Amino acid sequence: MIQRVKVTDAAIAVIDTLKKEHGELMFHQSGGCCDGSSPMCFEKGELMINETDVWLGNIHGCDFYMSSDQFEYWKHTQLTVDMVKGRGASFSLEIPLGVRFVIKSRIYNDHERNELSPIFKGENVQ
């Protein structure tokens, strides 16, 4: 199975720090408000997920969602959550640490498209 969303070691280190302070976390790919199109990290349950959101997978124990409208644009790409130094302008939990999560993407090849992990709408996660 080809994962739709992955995470770098640098981002995992930040996630671990945030989990110690906030407990369980979740991610939602921002649609462009505030800090552009960035992965936003929240305490699990802080952001209400509904039938218009798509679950893409789990990164380091955190569910990762995006809106179904945005998924139509991104469905051909594998997303990788990474971290960079610098303060973003979002409400994401990592901002006070002086870092921010970013998305890197690449287009799936023909073979990978046939091996993609399933997605789920809303809160119907496995």
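Quick look at the structure, then. Note that this is a predicted model, so its numbers are computed, not measured. (Residues numbered from 1 in each chain as written. Predicted model: local features only at pLDDT ≥ 70, side-chain atom pairs only at ≥ 80, totals over all residues. Heavy atoms only, no water.)

1. Observations regarding the nonpolar core
Consideration 1: Ranked by size, the top nonpolar core spans 22 residues in total, and within it Phe-27, Leu-56, Phe-64, Val-81 and Phe-101 carry the most contacts.
Consideration 2: At the level of elements, helix H1 (9–22), strand S2 (25–29), strand S4 (53–59), strand S5 (62–67), strand S6 (77–85) and strand S7 (99–107) are the ones that each hand at least two residues to this core.
Consideration 3: In terms of residues, this core owes the most to one element, H1, which gives four residues.
Consideration 4: Excluding residues that lie within four positions of it along the chain, Val-81 makes contacts with Val-5, Lys-6, Val-7, Thr-8, Ala-11, Phe-27, Pro-39, Ile-59, Phe-64, Phe-101, Val-102 and Ile-103. (Core = buried A, V, L, I, M, F, W, Y, C linked by side-chain atoms within 4.5 Å. Buried < 20%, exposed > 50% of the residue type's maximum accessible area, 1.4 Å probe, protein only. Helix = DSSP H or I, 4+ residues; strand = E, 2+ residues; numbered from the N terminus. Contact = heavy atoms within 4.5 Å.)

2. Observations concerning the pairing of S6
In summary, the side chains of a regular strand alternate between the two faces of the sheet.
Consideration 1: Across the nine residues that make up S6, a large majority, seven, are buried.
Consideration 2: Here strand S1 (residues 5–7) runs beside S6; their pairing, made up of three bridges, is parallel. Bridge assignment links Val-5 to a residue of S6, and that residue is Leu-79.
Consideration 3: As defined by bridge partners, S6 adjoins S7 across nine bridges and the pair is classed as antiparallel. When the sheet's bridge partners are listed, Leu-79 is paired in S7 with Ser-105. (Pairing = 2+ DSSP bridges.)

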